[in-house]
Amino acid sequence: MLFISPTESHRGTPGHPSPLPTMADSMDIDDSLYSRQRYVLGDSAMQKMARSAVFLSGIGALGVEIAKNIVLAGVKAVTLHDCKQCEVWDLGTNFFIREEDVHSQKKRVEAVHSRVAELNPYVQVSVSTDVLDENTDLSFLKRYQCVVLTETKLSLQKRIDHFCHSQQPPIKFIGCDVFGICSRVFCDFGEAFEVSDPTGEEPKELFIQNISQENPGVVTCMDSRTHGLQTGQSVCFKEINGMSELNGTTHQVTVLSPYSFAIGDTSSFQPYAHAGIFRLVKMPKTFTFETMEQQLSDPRLLTPDFSKPEAPLQLHTIMLALDAFLEQQCFKPLTSSRSPCFEWVLSYSWYIVVAHCFNVDFGVCRGDRYDALRACIGESLCLKLHTFQVFMVGCGAIGCEMLKNMALMGVGLSRCSGEICITDPDLIEKSNLNRQFLFRPQHIRKPKSTTAAAASLEINPELQIDAHLNKVCPATEDMYSDAFFSRLNLVVTALDNVEARRYVDSRSVSNQKALLDSGTMGTKGHTEIIVPYLTESYNSHRDPPEEEIPFCTLKSFPAVIEHTIQWARDKFESAFSHKPSIYNMFWQTHSSAQEVLRVRIILHSMEGSFQVIKLLSRRPTQWEHCLALARLKFDKYFKRKALQLLHSFPLDTRLKDGSLFWQSPKRPPSPIEFELSDPLHFSFVVSSARLFAGIYNIPHSEEQLSYEAVSSVLAEVEVPEYKPAEKVSTDETVKKPDQLQMTVSSEEERQAISQLQKAISSSSVTPGRLRMTPTFFEKDDDSNGHMDFVASASALRAHMYAIEAADRLQTKRIAGKIIPAIATSTAAVAGLVSLELIKVAGGYGFELFKNCFFNLAIPVMVLTETAQVKRTQIRDDISFSIWDRWTIFGHEDFTLSDFMNAVKVLIIPKYGLKQLFVL
């Protein structure tokens, strides 16, 4: 695991910081905690981060958010610097400051230190409370790889940035400020900052259809697949037959079309024959940063909203003027009694969020935790948020961030009859702790919803939270009924799958409730705002369906590593989950083996019985049998399958058009001879045996898993000689057969009856043998052997087909369908959704709602208008949209006649209709 000394309390001053731990030469990464983040950043970046120390100054609203994210990310050490005391204002902006901290007049950094530190025991968190000003000796910063300043005067930011920029290597500098609804971030990473992966996208491999022998040579993708390349990028080639000079070489491309590109002179190469794969080569990119002093006069700005391209420069100019004024007035940032200048800044840039809602209640200060929010949105809107009834579905990473934001904003207060209802059926896993910051190690295996609710009440005890453990689906419509939705002001989704989103959206539309949706994938994030009568719904657009791998490709002709991983995953599901489930269902329906035998003798067949009898007759009774079964499976999967394919389709087989059968993307298999000394072979046999023992309820000990014990058992196993079977199907339209509906020959029927008779006569059919224990794939528990089976089976099949194997981490991501994730993306989308929540509460117009897409890796952030709802015109004066409905209230004895009468009275006159038709 990624080992850093457990957190200790360190105190020091900027001039004399607490000693930081020495950097480890090498370290492993705790995959059980960091797995989702590893898929985003990669191991190299994770290792660099784990050797880095960060100095963070200013532990206010912005600073504590930064501290949370960098500690969750797993840097080596963080020094939190702040010298201010906790104030009531902080309760509404700093989620780690509590009421008792304000009453005891604790320093902010002392109040948050332990709460930040417990986010990640691998990160050493220390504190510094001395003044950092123009007279401070900055040499102490040499101990850090990154310096982050918040709530710092511009002149001091410039001084510290100049110091960091001048070091060799440069210390990475980030200066950031938040003034109400306006914010700015400045980055200076030195004059030559090299980025090894400029986009963060995983390069894909594509098959080649043809390469022309000319100058320049033109590469064409197979099956009209788009290559997604850009001119100037580079690709490498492999597995090309004919023009083999290209194998292992890298070439810069010139894009000709979405399906082809030029690579330079190929006229002197051998003619292209067939096959070949190309892959994008990631090239490092160097960025040059200027100092803050240089950038202030000629800034390079990110433009998030292209409908207002002038806004970033205008805000930059305004904030520079503010900085100059504050330097003169010795401004104290964000105290509980705000000065007029602070109000002026907020009102000056008010058009960004609340252009049409400015009124006199923005100056109201009540000396409570909501004063900071009042300064931004006014008293009236603040009170409306307190009364809000919100239903949030999902309490994962985005859900935790949303609950934190709603707690700080006072959404759903008990004293105002507001409420937040949350539901999530999942339990907390260790891997959640890297992003879902409301959870701690002691919460593992506890419900997400109730734990998140308790943590939110610590942030704001005034909340009213109702936590459920249910899915929101048709089966729970009695609980989440129309009456339930009618009480709501807003629905928030924090879900990780499309189908659940679609269902919640349909319920929101049918009940005419606003819906705030968001999602992340790695460094990417999006938000979608759905408002009754103004916007389209989530279901108004559909992404193209995910392309399925043909069954025959998985079964016999894998071409890429994804195919072998999916095959291994399917084998796991079939052998250890699906078949045991079928077995149990069968014996729950049929009372005894004798009854099944009687019916089979009379009818000669019984649905599902063939597979069940096979499982019963071959059922192992002890650990040694499980090992033998696993050894036979190895022979079946990795030797016999290859021999059968080569028997059916020899290497020189040709198709009707004369082309070779075995050409790209088909790969001829090579049989694998079992070698127990091969770690991959050993892993497959042992993991398979453990899983068989699990479903058959057979105990085993750790000693029986040793190489010596396994070797002695397998030495006695007799492996039957291979005999060719019938030809293999190559039809790509063939679907995976239903094991319950599989046709069985008369000979197999007779064998089944014989096997069942034998089992009954041997008195081995006991109640315990009529029960199996299905195993459900769990990717995050390395002790259960599930990933051992999938990884070894996939790697062996890849070797059999000469496919480059994936490492365990990549295999786990693909097999487990893991969505890469980092805390910063989830925090960003939750912040954007919270802004839209305020707009929903304020009843804003269509033009002020914004959807957002961002990619922190590039970086890009784009704000767009929501999609306006489409209306269908019936006639000049009548139209409808997805949000329109006719509501007729009935009663228990309401008849069709009553309904028709109600329509005649309420609906027909309203729309001037002349006749009612009932279909």
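Under the annotation held in an unreviewed UniProt entry, the chain carries the name E1 ubiquitin-activating enzyme and is attributed to Cyprinus carpio. One UniProt comment on the chain, placed under Pathway (unreviewed entry), says "Protein modification; protein ubiquitination." The Sequence similarities (unreviewed entry) comment attached to the chain in UniProt states, word for word, "Belongs to the ubiquitin-activating E1 family."

**Q** I tried to follow the packing of helix 13 (residues 397-409) against helix 14 (residues 448-459) on my own but got confused; where do I start?
**A** How two helices sit against one another is set out by the angle between their axes and by the gap between those axes. Their axes nearest at 9 Å, the elements helix 13 and helix 14 cross at an angle of 30 degrees. Between helix 13 and helix 14, the crossing angle belongs to the class labelled roughly parallel. You can see that helix 13 and helix 14 cross each other, and the crossing is right-handed. Contact residues: helix 13 offers L403, K404, A407 and L408, while helix 14 offers A452, S456 and I459.

**Q** Where do I start with the sheet that holds strand 12 (residues 250-252) in this structure?
**A** Pairing between the strands of a sheet is mediated by backbone hydrogen bonds and can be parallel or antiparallel. Ordered in space as 12-11-15-9-10-14-13, the seven strands form an open sheet in which the pairing is antiparallel. Among the strands making up the open sheet, the edge pair consists of strand 12 and strand 13 (254-257). The average undirected angle you get between the axes of adjacent strands in this sheet is 40 degrees. Relative to strand 14 (residues 260-262), strand 10 (residues 218-221) runs antiparallel, the two sharing three bridges. Counterpart to V219 in the pairing with strand 14 is F261.

**Q** Sorry if this is basic, but what is going on with the nonpolar core here?
**A** Counting residues in hydrophobic clusters, the biggest one holds 96 residues, and the most contacted among them are L80, M402, M406, L438, L490 and L837. If you tally residues by element for this core, the top one is helix 27 (residues 823-842), at nine residues. Of all hydrophobic cores here, the second largest spans 64 residues; its members include Y583, L615, F649 and A793.

**Q** Please clarify how the pattern of salt bridges should be interpreted in this entry.
**A** Oppositely charged side chains are able to pair whenever their charged atoms sit close together. The full count for this structure, using the stated rule, is 44 salt bridges. With a closest N to O distance of 3.0 Å, D30 and K430 form a salt bridge. Of the two residues, D30 sits in the loop between strand 1 (11-12) and helix 1 (31-41) while K430 sits in the loop between strand 18 (419-423) and helix 14, which places them 400 residues apart along the sequence. Residue class for D30 comes out buried when judged on its relative accessible area of 6%. Linking R445 and E429 is a salt bridge whose minimum nitrogen-to-oxygen distance equals 2.3 Å. With R445 in the loop between strand 18 and helix 14 and E429 in the loop between strand 18 and helix 14, this residue pair connects regions lying 16 residues apart in the sequence. When its relative accessible area of 48% is taken as the criterion, R445 is described as partly exposed. E429 gets classed as partly exposed once you look at its relative accessible area, which sits at 24%. One salt-bridge network, in which partners are shared between bridges, spans D31, R36, R38, D43, D780 and K812.

Procedures and definitions
- Residues numbered from 1 in each chain as written.
- Predicted model: local features only at pLDDT ≥ 70, side-chain atom pairs only at ≥ 80, totals over all residues.
- Heavy atoms only, no water.
- UniProt positions renumbered as here; feature names shortened; annotations may be inferred.
- Axes fitted to C-alpha atoms, helices over the stretch in contact; angles between N-to-C directions.
- Helix = DSSP H or I, 4+ residues; strand = E, 2+ residues; numbered from the N terminus.
- Parallel < 35°, antiparallel > 145°, perpendicular 65-115°, else oblique.
- Left-handed = near helix turned anticlockwise from the far one by under 90°.
- Contact = heavy atoms within 4.5 Å.
- Pairing = 2+ DSSP bridges.
- Core = buried A, V, L, I, M, F, W, Y, C linked by side-chain atoms within 4.5 Å.
- Buried < 20%, exposed > 50% of the residue type's maximum accessible area, 1.4 Å probe, protein only.
- Salt bridge = Lys/Arg side-chain N within 4 Å of Asp/Glu carboxyl O.

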